[in-house]
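# Examination of the molecular architecture
Below are the chains, spelled out letter by letter.
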Amino acid sequence: MKLKIAIQKSGRLHEDSLRLLKECGIDISNGGNKLKSTAANFPLEVYFLRDDDIPQYVEDAVADAGIVGENVVYEKKKEVEIMAQLGFGKCRLSIAVDKNETFSKQGLNGKKIATSYPVILQDYLDKNKISAEIHEISGSVEIAPGIGLADAICDLVSSGSTLFTNGLKEAETILESQSVLIRNKTLDQEKVRLLEKLLFRIRAVRKAKNNKYILLNAPNNKLNEIIGLLPGMKSPTVLPLAESGWSSVHSVIDENDFWDIIEQLKDAGAQGILVVPIEKMII
Ligand code: PRP
Ligand code: ZN
């Protein structure tokens with residue numbers, strides 16, 4: 001029995017989805033234009049599909065699980081369960097207007113908005129009691145205002161360069177999105193077990209990414225102060241150096257605290273600070 005997982009065929013999530021599986025130790029010979037690929041060392045079959053179709057395939061159990069943007073999950077409103085956020089493919093669904101326009105929410109009343117996300121947009125308009133016309137188009141939404149098809153657009157923004165090159169500006173964010181792992185709601189026990197196994201690996205990889213392994217040399221009379229700065233997994237490892245009066249301290253720190261802590265450690269007398277990536281982290 002194999003777990004069937006659907007990932008994007010091409011586009012912003014494709015590469016990162018494959019990379020995540022690879023970092024989980026799952027070896028997939030990337031099949032180029034192939035529809036599916038089988039992992040060599042994990043009971044997994046990968047289906048390459050259009051991201052917009054993935055929720056439907058997962059609801060129908062054609063795929064047991066999928067990697068897709070939250071934006072697509074919320075738009076399609078299919079019966080699937082979100083298991084975990086995956087931390088890549090971060091973007092926002094935003095309303096954008098001509099860069100010279102002064103935007104107000106109420107100013108959208110009576111306007112035409114082009115989007116590939118009619119469901120999410122309609123929810124937003126209803127919540128804000130705005131009555132606007134939604135013009136659904138499936139691609140190149142950003143050119144709609146320029147050719148007179150719409151007054152505004154509602155589209156995904158990541159770097160913002162698509163808006164910029166089309167003379168538009170982001171006016172209002174209506175949804176923050178990133179990639180998520182979704183599953184069919186009625187998988188049998190064995191599939192659930194495989195999916196849990198995969199999720200366990202994903203969590204270990206994600207955890208490792210947010211953390212760094214740090215090694216440093218500390219004068220023994222400053223050890224307590226330095227250890228106090230390091231919130232390790234349990235407590236830091238301290239080993240004597242060959243040179244008397246000095247110790248080597250090993251610990252794990254959160255990527256986000258990284259620069260703050262480095263400064264404080266140096267001020268406290270730490271030397272030879274090494275910060276190295278962690279590949280997997282199981283706690
Ligand atoms: C989105 C969106 C824009 C672009 C914005 O398309 O439709 O074209 O990305 O990104 P930027 O702000 O970095 O320029 P996407 O690649 O997700 O393709 P899809 O909507 O067809 O799946
Ligand atoms: Zn798409």
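Residues numbered from 1 in each chain as written. Chains lettered and ligands numbered in written order. Predicted model: local features only at pLDDT ≥ 70, side-chain atom pairs only at ≥ 80, totals over all residues. Heavy atoms only, no water.

## Some thoughts on the overall build of the chain
Note the cut-off: Helix and strand labels come from DSSP, where a helix needs a run of H or I of at least four residues and a strand needs a run of E of at least two; each type is numbered from the N terminus. Our radius of gyration is a C-alpha quantity, and the globule rule it is checked against amounts to 2.2 Å times the number of residues to the power 0.38. The contact criterion used throughout is that any non-hydrogen atoms of two residues lie within 4.5 Å.
Of the regular secondary structure elements, the chain holds 8 helices and 15 strands. Taking 19 Å as the expected radius of gyration for a compact globule of 283 residues, we find that the chain reaches 24 Å, considerably beyond that expectation. Projected onto its principal axes, the C-alpha coordinates of the chain cover approximately 75 × 55 × 35 Å. In the chain, once contacts between residues fewer than 6 apart in sequence are set aside, the share between residues at least 24 apart is 69%.

## Quick notes on the coordination of the zinc ion (ligand 2)
Using the following cut-off: Metal donors: N, O and S atoms at distances within 2.8 Å, or within 3.2 Å for Na, K and Ca, with water omitted from the atom set so that some sites may seem incomplete. Using a 1.4 Å probe on the protein chains alone, a residue whose accessible area is under 20% of its type maximum counts as buried, one over 50% counts as exposed, and one in between counts as partly exposed.
Within the protein, the zinc ion (ligand 2) binds to Asp 51 (OD) and Asp 52 (OD); these donor distances fall in the range 2.3 to 2.5 Å. You can call Asp 52 partly exposed: its relative accessible area is 28%.

## A closer look at the pattern of salt bridges
The cut-off we apply is this: Criterion for a salt bridge: a side-chain nitrogen of Lys or Arg within 4 Å of a carboxyl oxygen of Asp or Glu.
Applying the stated criterion across every chain yields a total of 13 salt bridges. Of the charged contacts in the structure, one is a salt bridge between Lys 185 and Glu 79, with a shortest N-O distance of 2.9 Å. Taken together, the positions of Lys 185 in the loop between strand S11 (179-184) and helix H6 (189-209) and Glu 79 in the loop between helix H3 (70-76) and strand S5 (80-85) put the pair 106 residues apart, joining distant regions of the chain. Two residues, Lys 280 and Glu 279, come together in a salt bridge whose shortest N-O distance is 3.2 Å. Each of Arg 50, Asp 52 and Asp 53 takes part in salt bridges that share partners, so that together they form one network.

## Describing a negative patch on the surface
Condition: Each patch is built from salt-bridge-free residues with over 30% relative accessible area, joining like charges within 9 Å and nonpolar side chains (Val, Leu, Ile, Met, Phe, Trp, Tyr) within 5 Å. For the area figures, the Shrake-Rupley method with a 1.4 Å probe applies, and any residue is considered shielded solely by the protein chains shown. Positive charge is attributed to Lys and Arg, negative charge to Asp and Glu, and no charge count is given to His or to the chain ends. Note that the charge is assigned to NZ on lysines, CZ on arginines, CG on aspartates and CD on glutamates.
On the surface, a cluster of negative charge is made up of Asp 257, Asp 260, Glu 263 and Asp 267. With respect to the helices and strands, Asp 257 occurs in the loop between strand S14 (246-254) and helix H8 (258-267). Here Asp 257 falls in the partly exposed class, since its relative accessible area comes to 34%.

## Some remarks on the site of ligand 1
Where we set the bar: Here a residue counts as near a molecule or strand whenever at least one of its heavy atoms sits within 4 Å of it. In the analysis that follows, any N or O atom pair within 3.5 Å is treated as a polar contact, provided that within protein one partner can donate a hydrogen and the other can accept it, and provided that, for residues neighboring in sequence, both atoms belong to side chains.
Lining the immediate environment of ligand 1, one finds Arg 12, Asp 51, Glu 142, Asp 155, Leu 156, Val 157, Ser 158, Ser 159, Gly 160, Ser 161 and Thr 162. In this structure, Arg 12 approaches ligand 1 through a side-chain N or O atom, which is 2.5 Å from an oxygen atom. One of the side-chain N or O atoms of Ser 161 is found 3.3 Å from an oxygen atom in ligand 1. Contact with the protein chains hides 68% of the accessible area of ligand 1, taken as 510 Å² for the molecule alone. For the shell around ligand 1, the elements supplying multiple residues, two or more each, are strand S9 (152-157) and helix H5 (161-165). Tallying contributions element by element places S9 first for the shell around ligand 1, with 3 residues.

## Description of the sheet that holds strand S6 (residues 91-98)
Operational definition: Note: two strands are recorded as paired if DSSP finds a minimum of 2 bridges between them. Note on geometry: axes are C-alpha line fits, over the in-contact stretch for helices, and angles between N-to-C directions span 0 to 180 degrees.
If you walk across this open sheet you meet the 5 strands as S8-S7-S9-S6-S10, and the pairing is mixed. The open sheet terminates on both sides in strands that have one partner only, identified here as strand S8 (133-136) and strand S10 (168-177). On average, each strand axis in the sheet is inclined to that of its neighbour by 30 degrees, with strand direction left out of account. When strand S7 (residues 112-115) meets S9, the two strands line up parallel, connected through 3 bridges. Each bridged residue has a counterpart across the sheet, and for Thr 115 the counterpart in S9 is Cys 154.

## Considerations on the environment of Ile 273
Here Ile 273 is to be found in strand S15 (residues 271-277). Each C-alpha atom, one on Ile 273 and one on Val 238, is 14 Å from the other, the two residues being 35 residues apart in sequence. When sequence neighbours within four positions are dropped, the list of residues in contact with Ile 273 reads Ile 214, Leu 215, Leu 216, Ile 262, Leu 265 and Lys 266.

## Describing the sheet that holds strand S4 (residues 65-69)
Read across the sheet, 6 strands follow the order S2-S3-S1-S4-S11-S5 without closing on themselves; strand pairing throughout is mixed. Edge positions in the sheet fall to strand S2 (36-38) and S5, since each has one partner strand and no second. For this sheet, the mean angle separating the axes of adjacent strands, direction not counted, is 25 degrees. Pairing of S2 with strand S3 (residues 44-49) involves 3 bridges; the strand directions are antiparallel. Bridge assignment links Ser 37 to a residue of S3, and that residue is Val 46.

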